Amino acid sequence: MEQLLQHLLNAVVLGGTYALLGIGLTLIFGVMRVANFTHGELYTFGAYMAYALIGPLELNFFVGLAIAVMLGILLGIVIEFMLLRPLQKSDMDTTMLVTIGAWIALQNMELFGWGGVAKSVPHPFPTDPFVIGSVSVAPLRVFVVCVAMVLLVSFYLMINRTTFGIAMRATFQDPEVSSLMGVKINRMFTLTFAIGSGLAASAGALLAPVFVVVPMMGDLVTLKAFAVVILGGLGNIVGATIGGFVLGLAEELGAGYIDSGYRDAMGFILIIAVLLLRPQGLFAPRERTG
Amino acid sequence: MRTLIVLGISLLSSVSYVHASDPIKIGMSQPLTGDIAAAGTYVANGARVAVEVVNKSGGVLGRQIQLILEDNKSNPKEAVATAEKLLSGDKVPVILGAWGSTLTLAIMPRLLEYKVPMVVETASSSKVTTSGNPWVFRISPPSAIEAKAFGDTLFTKFTPAIKKADMLVVNNDWGRGASDEFTKLMRSKGVQIGAVETMAPDATDLSAQLAKIKQSGGDTLFVTTGIEQLTLVLKQAQEQRVPQRIVSTGGSSAPDQLIEQAGLAANGSYHIVFFAPWFPEDAAHPEVAKTFIEAWKKKGYAAAGLTDGFRGYDGILTAVQAIKDAGKAEPAAIRDALWNVNVKGANGDIKFEKAGPAGQESGQSIPNIYVVQIKDGKVVKP
Amino acid sequence: MTERGIASILVVLLAVLPLAVNNQYVLFTLTSAGILIIAAMSLNLLLGYAGQLSLGHVAFFGIGAYVSALCSLGFEFYYGAESPLVVPSQPVWLALIWGIVVAGIFGWIIGKLAFRVRGAYFVILTIGFAQVSRMVALNWVSLTNGPMALNNIPPLSGWLPGYGVVPLSGRVENYYLVLAFGILAYWIISRIVHSRVGRALIALRENESLARSVGIKVTRYLVLATVVSAAMAGGAGAIYAHYVRVIDPDVFLFIYTVTMVIMVMTGGKGTLLGPVIGGLIFGIIPELLRHMVRPELQLILYGVAMILIVFFLPQGIVPALAKLGDRVRRKSKIGKTGVLKDSLTT
């Protein structure tokens, strides 16, 4: 029982970050029809920037995180402008290949610039955990979950309450019609990619002090983010959020009660099960053969 | 087709005629990119330092040493490619490598084919020396030897004594091997075994495994994994208040880096190391250890890398000694000489015993192992 | 010149190469590239002709490698009964065939399951399949030896008059062996592409609903293509296992799939020669870079090369050359316009 409580708590903490990663990716897919393999590299970039700003440059922790996220957004804009805009008319396979190329290049630039030795980001939180009964959680993790929640909620508000959000959702539904309705598609794509990148970078910056920063850290993240997105249904933002928590839960319980060796396979086993049993997806009413 | 021709030309031009004054080439295959790039780079740096030290003292057989370092990208297919390049392109008479058992095993069939000896500086699987490959000479301890040494000299040093042990290991040959051998050892000492958990090499969140371990009621947790993941284990064990005493095995724990990166979470942990740069006077050959540490620091390499880097250093010293004893830089002669070397290395004496099937034995050196503790942000002898 | 003509010239060139360049390292590089080219050709059947991007293709490669390695070494299969099923060591060629067959069976299963979805869902499903395969190889230790790897895998053997059965472990033998397999794979694919099945696949690539409406049994053809493609990738994996002679769960790494996709896209998807040309280029470039720049830079350049190819040769090299050849021919007003283009792009 105690063990189960600890697993559930861990699952919530983990799920929050998965959701953050998932919605960025699903947004980009939904609006731009791009399967973005650089997602994990933006996560890595956010983490390295957080390290550089808070570590060697000794900025305030919170200021450092904020700037790291902004730099992530900037990198996203650069990628969109240089690599994706010229290929707007191309099919999904082509843009996917370009993002895979950018992923390999970016990852090795990190390795080239920072070396392979792991970096650790200092943080101002006490290291002694909060203990409730036999369950414990580090203050830093509580902070991470809170920020993730704030980001998720403000993201929903933006999508649902602002004109920009409405335009974005319209593009989601039908890019051609929305452009006829006066939505500037180019600007919409840039903004979408920037927001998606910013979410990935903020996940990276937030988790950098929790984990360690290494050049290869993005690989697993990209695959996990795709798992989250598929669980929720491609382009489905609510679905991706729930998918994030489902994945966190599956991994924790799977590793805790089945076999820790299969922990990272849980997401994919889940996906295969979902696609077979409910081909329309957990939450997506959309057509799957599109 | 043109690329083919270019490849051919560039290969041909790399094959040059040997003059007496030409440097003696030593090949090395290490992971310089990919998942284990950090550790591979440390070992490569150790080898670079050794080559510099040897060359400064006049080289060997009146010739200089030239290190040809190839990146195996932490990937067995690439490891074979590096071996092919070194053995057939550069025609090196001896190679070092390849950080990890699978990478080493991938290269081994090529040694038989080209008849060139290899000094294995990092690989824990027993298969490396039991496959019947007489060209393999390993200077790092396989898990079985490490566990045995731990049982013989270090087991009794823990107070309170170890009564029930848990294992948390990386899910590769190294981690699995260590968990098998240490489980065996603990059982033979009458110690109970609690949870045995694995983690994927790239896993960052180990909360599920630690939650399980926390409940097992053990007093000691043996952890085997690379430095990055070990840092995470220490941090997350502290977050979840895992009560066990943590002992890392495998000798790749770089305690200096742990202190820097895990901070307070590293306090109280024990680490098995094969080289203890904090106490060079305790090494079997203090002067060798000191020379190495000085040369390493002079190059500006991070001190945290010493515990890994020494393997590259000792590997080169071993190869150089064998070339010297052989009197010529020829593979077969070097192999024969390797059987009789007695090298004063940073770790201690390196000399090879026979291991594996009769008639095709591989060489295995029995290195020293040490245990250190991190206390108040410092490395101390327990 | 037709595609068949170019292919024949290429085969002749590759066949005489070992006589001209007696360098083991060059042969090794080409042999490794050759194995991946066979896998890339099999991927091309799905990606190029059927228009389905499978990013889990390495799963079939890995399954072929594992099955063939296990059969040739002998293994014990624990399935819950009291005593395990003990399979003694099989002759290598039989093991190789088992590798092909089992990979093909998995192709059938995956085809049946995965073609319920299309597009990005299909892509992710195939990635998931490869990841799960890797996890199984990693964790089913009693069968696969897990991360401890299977080593001492016997090389393929050959029968020589006067010598009997000899292991083919030398560079030159392996080179010709892979070349022969490559020609066989090329031949099989060209037969399929020019058959009714191939036309059906191309029709559904161009317009699935149209193909469906004219009565093409889309799923059946897709599954058939997947089975052939998987079996061929399994064969490439099996050759790989007996060539490198050690395999571990890393044969399922995503980067191998990426390599295959790049080979196909660079050469030109949906062309017979594309994977071969792309494969030669991307098999050789990494080894060339090894001589020139530091390791991290090699991979940066690799990534940049991918991007540049997509930007400047979106259809791949072979169609681009075909177009160029077309234009030259039209200018000189000899040759039959369009013949080359047609023969290259079908």
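All residue numbers here refer to positions counted from 1 along the written sequence of the relevant chain. By the order in which they are written, chains take letters starting at A while ligands take numbers starting at 1. Local features are withheld for residues below a pLDDT of 70 in this predicted model, meaning they are given only at 70 or higher, and side-chain atom pairs are given and counted only at 80 or more; totals for whole chains, interfaces and linings count all residues. Side-chain numbers here rest on the full set of heavy atoms in the structure, without hydrogens or water.

1. Observations regarding unusual backbone geometry
Consideration 1: With omega at -5°, the peptide bond leading from B:Gly97 into B:Ala98 counts as cis.
Consideration 2: With omega at -10°, the peptide bond leading from B:Thr159 into B:Pro160 counts as cis.
Consideration 3: Mapping B:Pro160 onto the fold places it in the loop between helix 6 (143-154) and strand 6 (164-170).
Consideration 4: In this structure, A:Arg33 takes a positive phi of about 60° despite not being glycine.
Consideration 5: Position of A:Arg33 relative to the elements: it lies in the loop between helix 1 (2-32) and helix 2 (39-54).
Consideration 6: The phi angle at C:Arg245 is positive, at roughly 70°, despite the residue not being glycine. Working definition: helices are DSSP H or I runs of at least four residues, strands are E runs of at least two. Numbering for both runs from the N terminus.

2. Looking at the domain arrangement of chain B
All names here are of chain B.
Consideration 1: Each domain span listed reflects an automatic or database assignment of domains. Along its sequence, chain B is organised into domain 1 (21-141 + 285-365) and domain 2 (144-273).
Consideration 2: The C-alpha centroid of domain 2 is placed 28 Å from the C-alpha centroid of domain 1.
Consideration 3: Taken together, the contact pairs 14 residues of domain 1 with 12 residues of domain 2.
Consideration 4: Two parts placed together each lose some accessible area; with a 1.4 Å probe, that loss summed over both constitutes the buried area. Of the roughly 970 Å² buried where domain 1 meets domain 2, counting both sides, 53% is carbon and sulfur surface.
Consideration 5: A per-residue breakdown of the area domain 1 buries against domain 2 is headed by Pro141, Ala304 and Thr307, which together make up 38% of the total.
Consideration 6: Any carboxyl oxygen of Asp or Glu that lies within 4 Å of a side-chain nitrogen of Lys or Arg is treated as forming a salt bridge with it. Remark: the boundary between domain 1 and domain 2 carries 0 salt bridges.
Consideration 7: For the side of domain 1 that touches domain 2, the element with the highest residue contribution is helix 12 (residues 306-326), accounting for 3 residues. Contacts: residue pairs with any heavy atoms within 4.5 Å of one another.

3. Focus: the confidence of the model for chain C
Consideration 1: Confidence per residue, as judged by the predictor, is encoded in pLDDT with a range of 0 to 100. Summary statistics for chain C give a mean pLDDT of 85 and a share of 95% for residues scoring 70 or more.
Consideration 2: Every residue in residues 335-346 of chain C scores below 50 in pLDDT, and together they form 22 contacts with partners more than four places removed in sequence or on other chains.

4. Observations concerning the confidence of the model for chain B
Residues and elements named next belong to chain B.
Consideration 1: On average, residues of chain B score 90 in pLDDT, and 95% of them are at 70 or above.
Consideration 2: Of all the helices and strands in chain B, helix 1 (residues 2-14) carries the lowest mean pLDDT, 50, while strand 4 (residues 118-120) carries the highest, 97.
Consideration 3: Predicted confidence is poor over residues 11-17, with pLDDT under 50, and the contacts of this stretch with residues over four places away or in other chains come to 9 contacts.

5. Describing the pattern of salt bridges
Oppositely charged side chains can pair when the atoms bearing their charge come close.
Consideration 1: This model, assessed by the stated rule, comprises 26 salt bridges over all chains.
Consideration 2: The residue B:Glu78 makes a salt bridge to B:Lys73 at a minimum N-O spacing of 3.7 Å.
Consideration 3: Partly exposed residues are those whose accessible area sits between 20% and 50% of the maximum for their type, while under 20% is buried and over 50% is exposed, using a 1.4 Å probe and protein chains only. The class of B:Glu78 is buried, set by a relative accessible area of 13%.
Consideration 4: When the shortest N-O distance is used, the salt bridge between C:Arg290 and C:Glu287 registers 3.1 Å. Here the residue C:Arg290 and the residue C:Glu287 both occupy positions in helix 12 (residues 274-290), the gap between them amounting to 3 residues, near one helical turn.

6. Focus on a positive patch on the surface
Residues and elements named next belong to chain C.
Consideration 1: Residues enter patches when they are more than 30% accessible in relative terms and free of salt bridges; like-charged ones are connected within 9 Å and nonpolar ones (Val, Leu, Ile, Met, Phe, Trp, Tyr) within 5 Å. Residue burial considers only the protein chains on display, and all accessible areas are found by Shrake-Rupley using a 1.4 Å probe. Note on charges: Lys and Arg go in the positive column, Asp and Glu in the negative column, and His and the chain ends are not counted at all. Every charge is mapped to an atom, namely NZ of Lys, CZ of Arg, CG of Asp or CD of Glu. On the surface, Arg196, Arg199, Lys217 and Arg220 cluster together to form a positively charged patch.
Consideration 2: As for its placement among the helices and strands, Arg199 is situated in helix 8 (residues 196-206).
Consideration 3: On the basis of relative accessible area, Arg199 is assigned to the exposed category, the value being 51%.

7. Quick notes on the interface of chain A and chain C
Consideration 1: Counting residues at the interface gives 42 residues for chain A and 40 residues for chain C.
Consideration 2: The tally of links from chain A across to chain C stands at 1 salt bridge.
Consideration 3: With a shortest N-O distance of 3.9 Å, A:Asp91 and C:Lys269 are connected by a salt bridge.
Consideration 4: The definition of a polar contact used here is a pair of N or O atoms within 3.5 Å, where within protein one atom must be able to donate a hydrogen and the other to accept one, and adjacent residues in sequence count solely through side-chain atom pairs. Run the count over chain A and chain C and you get 0 residue pairs in polar contact (both at pLDDT 80 or more).
Consideration 5: Listed by contribution, the elements that provide at least two residues to the side of chain A that touches chain C are helix 3 (61-84), helix 4 (92-114), helix 9 (217-232) and helix 11 (266-277) of chain A.
Consideration 6: In terms of residue count, the dominant contributor to the side of chain A that touches chain C is helix 4 of chain A (16 residues).
Consideration 7: Under the scheme applied, nonpolar residues are Ala, Val, Leu, Ile, Met, Phe, Trp, Tyr, Cys and Pro; charged residues are Asp, Glu, Lys and Arg; polar residues are all the others, including Gly. For the side of chain A that touches chain C, the class distribution of residues is 31 nonpolar, 7 polar and 4 charged.

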